[in-house]
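Structural features, examined
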Amino acid sequence: MIKFLDLHKINKTHEAELSRAANRVINSGWYLQGEELKTFESEYAKYIGVTQCIGVANGLDALRLILRAYIELGAMKEGDEIIVPANTYIASVLAITDNKLKPVLVEPDIYKYNIDPFLIEKSITGRTKGIMLVHLYGQNAMHPEIERLVSKYDLKLIEDSAQAHGCCYGEKRTGAIGHASGHSFYPGKNMGALGDAGAVTTHDEQLADIIRTLGNYGSRKKYVNDYQGLNSRLDEIQAAMLSVKLKKLDTENEQRRRIASYYLENIKHPEITLPKVEAYNSHVWHLFVIRHPNRDKLQKYLADNEVQTLIHYPIPPHKQMAYKEWNNLSFPITEKIHNEVLSLPISQVMSESEADSVVKLLNRLV
Ligand SMILES: *Cc1c(COP(=O)(O)O)cnc(C)c1O
């Protein structure tokens, strides 16, 4: 059986180092807001190429806290609009509505699955305050047109980098190109913790200070509360796991790229649409997503032949019950994507011979 993602195998590869790091934390007697967190924050900031990194509890909180901090700073207020791709994972949208801001959904590019930069401008109104730029499936979503719009309309550019650790836009890393970026270290992401974890990266020192404060009960000084904050912290033990994982990230992304290249070069089937890639370093292949007009049949065929696949995602945000008020909206490109996409197995521990088995099955599909 070829698993979609073998988390056990992924973490087993680093077992000795992870155990040493966990033991260090157990024996330190210090479990929150300590040296492990400081070390990881500074290593990750350096890796991404920003001055500030704030560890938080998960990726959704990272995005929520960025917007909340802009509200505290007076840069946004209730009812202001944030542009977001219509086909994103729901977390990007939840972060917006949770802050009583208004998501404005924009269609993606049908081959790259990222927001279509040339459809953004006509959705900008006097209330538009930001763009939530999602690097979906691990591919950079930044584009010169978006740079132009951000500067022309003075927008905040917030990156959702949950699926794109290590990805680049030209010379820069994603996570360093916007005003602030949210990262998730959910176990299945390219760089996964052994539980929930997340971070915000930014060059903005003032924003970073507010996010750090908000995530710690709104408190800068113990028992003195400057904001109505929340509890969203990155535990010492997860920070220690992530410091181990960060050292492996580039090598592991290269392994993902090898599998992706193998798929791209060898899958040849008239009914299968392969993903379009901008540049070698602009994709870290969190997911390898193909399209087929009869996706469910294809998924069953692969399952019958011992290949696990998943669908990212079966229902777009505007068709969810959680957003009933949008259920009658129509986003044909997004809906086509949700009906046709299928994610093939890909990871840092997948072998080329496994990829070859998947390719052979796909090419034999009738
Ligand atoms: C995983 C993910 C998130 C949320 O991260 P969590 O750590 O699970 O809260 C946000 N956005 C995208 C695009 C994601 O894939």
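Here goes a summary of the coordinates provided. (Residues numbered from 1 in each chain as written. Predicted model: local features only at pLDDT ≥ 70, side-chain atom pairs only at ≥ 80, totals over all residues. Heavy atoms only, no water.)

Before going further, it helps to examine the side chain of glutamine 163. By secondary structure assignment, the location of glutamine 163 is in the loop between strand S5 (156-160) and strand S6 (168-169). At a separation of 2.6 Å, a polar atom in the side chain of glutamine 163 contacts the main-chain amide nitrogen of tyrosine 137. Apart from the residues within four sequence positions on either side, glutamine 163 is in contact with His135, Leu136, Tyr137, Gly138, Lys189, Asn190, Val284, His286, Leu287 and Tyr313. (Helix = DSSP H or I, 4+ residues; strand = E, 2+ residues; numbered from the N terminus. Polar contact = N/O pair within 3.5 Å; in protein donor to acceptor, adjacent residues only side chain to side chain. Contact = heavy atoms within 4.5 Å.)

Our focus in this paragraph is unusual backbone geometry. Of the consecutive residues histidine 312 and tyrosine 313, the connecting peptide bond is found in the cis state with omega at 10 degrees. Within the fold, tyrosine 313 resides in the loop between helix H9 (295-304) and helix H10 (332-340). Positive phi, normally seen in glycine, also occurs at tyrosine 113, with a value near 70 degrees. Residue placement: tyrosine 113 occurs in the loop between strand S3 (102-106) and strand S4 (128-134). By relative accessible area, tyrosine 113 is classed as buried at 1%. Here the phi dihedral of glutamate 306 falls at roughly 70 degrees; this positive angle occurs in a residue that is not glycine. Position of glutamate 306 relative to the elements: it lies in the loop between H9 and H10. By relative accessible area, glutamate 306 is classed as partly exposed at 46%. (Buried < 20%, exposed > 50% of the residue type's maximum accessible area, 1.4 Å probe, protein only.)

Turning our attention to the site of the ligand. As a structural note, the neighbourhood of the ligand is formed by Asn58, Gly59, Leu60, Tyr89, Ala91, Val134, Asp160, Ala162, Gln163, Ser184 and Lys189. Between lysine 189 and the ligand, the recorded distance is 3.1 Å, taken from a side-chain N or O atom to an oxygen atom. Contact with the protein chains hides 90% of the accessible area of the ligand, taken as 380 Å² for the molecule alone. A per-class count over the shell around the ligand returns 5 nonpolar, 4 polar and 2 charged. (Near = heavy atom within 4 Å. Areas by Shrake-Rupley, 256 points an atom, 1.4 Å probe, with all protein chains shown as cover. Nonpolar A, V, L, I, M, F, W, Y, C, P; charged D, E, K, R; others polar.)

Any empty space left between the atoms is revealed when a probe the size of a water molecule rolls over them. Evaluation of the coordinates by the stated rule reveals 2 cavities of 30 Å³ or more. Considering only enclosed or pocket space, the largest cavity measures out at about 80 Å³ in volume. Lining the largest cavity are 15 residues, and of these Ile10, Lys189, Asn190, Gly192 and Gln348 lie nearest its centre. Among the elements that line the lining of the largest cavity, the one with the most residues is helix H8 (residues 236-266), at 4 residues. Among the residues making up the lining of the largest cavity, the classes are represented as 6 nonpolar, 5 polar and 4 charged. Considered as a void within the structure, the second largest cavity measures approximately 40 Å³ in volume. If you go around the second largest cavity, the residues you meet are Tyr111, Lys112, Tyr113, Tyr137, Gln139, Pro275, Lys276, His283, Trp285, Leu287, Phe288 and Val289. (1 Å grid on protein atoms, 1.4 Å probe; cavity = no way out; pocket = protein on both sides within 12 Å on 5 of 7 lines; lining within 4 Å. Points joined across faces, edges and corners; volume = space filled by probe spheres on them.)

Looking now at the pattern of salt bridges. The final tally for this structure, using the stated rule, is 24 salt bridges. In this structure, the salt-bridge partner of lysine 248 is glutamate 17, at a minimum N-O distance of 2.6 Å. With lysine 248 in helix H8 and glutamate 17 in helix H2 (residues 15-28), this pair connects stretches of sequence that are 231 residues apart. For lysine 248, a relative accessible area of 19% puts it in the buried group. For lysine 336, the salt bridge identified is with glutamate 340, shortest N-O distance 3.1 Å. (Salt bridge = Lys/Arg side-chain N within 4 Å of Asp/Glu carboxyl O.)

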